[in-house]
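The residues making up each chain are set out below.
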Amino acid sequence: MKKKTILVLILIALIIFLIYVKTKDTSVYYVNIIDENSEYNGVKYSSMLLENFKNREKLEEFIEFEYEDYRITDLTKAIQNNEYIYINDKKHTLQNALIKADLLTVNIGKNDIDYGLLKKEKEEIYNYLDTLLMDLDILLSEIRKYTKEQVMLIGYKKIDDCNKEFIEYFNLKAEKICNKMNVEYISVNEDNDILNSILSKFTFK
């Protein structure tokens, strides 16, 4: 009798588990924040991700906040002020988007770095980059107030060999900040497939 009871309980548990697996929501609420039209090999990484999720029937919603000429500190303030956009007449606030996001990709800081590279002295550039890194730390801390899900920071591309030293320095330090914040850092270089880099780090939950 006890064996039958145990078998029945195991069967019930198995059925419940299978129902859970079948009905589990694995759709992705994807949020992208950029400070420019970020293209890699002529295609926006967010567009590539969007197409991938759609093809796999995994997309719940896609929200993109694009801020032309924004600096890192500007984005931090935008989150604190809970700025919003309208998509198809529907209002989306930054804070709510961060809360709902299953995946958040962030690509901001290019405007800051470009400005810093205009400085003439090496020491000036490094000091400026260190200030930007502190701003990035504050930004990621602000983002982490609203989302506990997967956040990915897109790295920074070197424009030419003249700025390679500074970009590599910034990327190395930025990656360390990401590790501290439990943020995935996505390296960007000529050999890197940014779409597969993001997908390899993203886990459907």
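Residues numbered from 1 in each chain as written. Predicted model: local features only at pLDDT ≥ 70, side-chain atom pairs only at ≥ 80, totals over all residues. Heavy atoms only, no water.

## Some remarks on unusual backbone geometry
In the Ramachandran plot, Asp69 falls in the positive-phi region, its phi being about 65° despite a non-glycine side chain. Here Asp69 shows up in the loop between strand E4 (59-66) and helix H3 (72-80). Positive phi outside glycine occurs at Asn182, with the angle close to 60°. (Helix = DSSP H or I, 4+ residues; strand = E, 2+ residues; numbered from the N terminus.)

## Here we look at the confidence of the model for the protein chain
Taken over all residues, the pLDDT of the protein chain has a mean of 86, while the share at 70 or more is 82%. In the predicted structure, residues 17-25 sits below a pLDDT of 50 and forms 3 contacts with residues beyond four places in sequence or in another chain. (pLDDT = per-residue confidence, 0-100. Contact = heavy atoms within 4.5 Å.)

## As for helix H7 (residues 164-181)
Helical geometry: 3.6 residues make up each α-helical turn, so side chains three or four residues apart lie on a common side. Between its first and last C-alpha, H7 extends 26 Å over 18 residues, near the 26 Å set by a 1.5 Å rise per residue. All buried positions along H7 are accounted for by Phe166, Ile167, Phe170, Asn171, Ala174, Ile177, Cys178 and Met181. One side of H7 holds all its buried residues, which, seen down the axis, span an arc of 125°. Turned more than 90 degrees away from the buried face of H7, the exposed residues are Lys176, Asn179 and Lys180. One or two steps after H7, the chain reaches Asn182, where phi turns positive at roughly 60°. (Expected span 1.5 Å × (residues − 1). Buried < 20%, exposed > 50% of the residue type's maximum accessible area, 1.4 Å probe, protein only. Arc of directions from axis to C-beta.)

## Structural notes on the sheet that holds strand E8 (residues 150-154)
Spatially, the 5 strands line up as an open sheet ordered E4-E1-E7-E8-E9, and their pairing is parallel. Strands with a single pairing partner mark the edges of an open sheet, and in this sheet they are E4 and strand E9 (184-186). Between one strand axis and the next, the sheet turns by 20° as a mean value, whatever way the strands run. For strand E1 (residues 28-34) and E4, the ladder comprises 7 bridges, and the chain directions are parallel. (Pairing = 2+ DSSP bridges. Axes fitted to C-alpha atoms, helices over the stretch in contact; angles between N-to-C directions.)

## What about the environment of Tyr70?
Among the structural elements, Tyr70 can be located in the loop between E4 and H3. Taking C-alpha positions, Tyr70 is 8.5 Å from Asp112, a pair spaced 42 residues apart along the chain. Setting aside residues up to four positions removed in sequence, Tyr70 forms contacts with Asp35, Leu75, Ala78, Glu83, Ile108 and Asn111. Polar side-chain contacts of Tyr70 include one of 3.2 Å to the side chain of Glu83. (Polar contact = N/O pair within 3.5 Å; in protein donor to acceptor, adjacent residues only side chain to side chain.)

## Digging into the packing of aromatic side chains
Scanning all chains against the criterion turns up 10 aromatic pairs. Taking 5.7 Å as the distance between ring centres and 55° as the angle between the ring planes, the aromatic pair formed by Tyr115 and Tyr128 counts as tilted. A residue pair is termed long-range when its members are at least 10 positions apart, and Tyr115 in helix H5 (residues 110-116) and Tyr128 in helix H6 (residues 122-144) qualify at 13 residues. For Tyr128, a relative accessible area of 12% corresponds to the buried category. Here a set of aromatic residues connected by ring pairs shows up, and it is made of Tyr30, Phe53, Phe62 and Phe202. Just above the ring of Tyr84 sits the side chain of Lys91; from NZ or CZ to the centre is 4.2 Å. (Phe/Tyr/Trp six-rings, centres within 6.5 Å; stacked < 30°, edge-to-face > 60°. Lys NZ or Arg CZ within 6 Å of the ring centre and 35° of its normal.)

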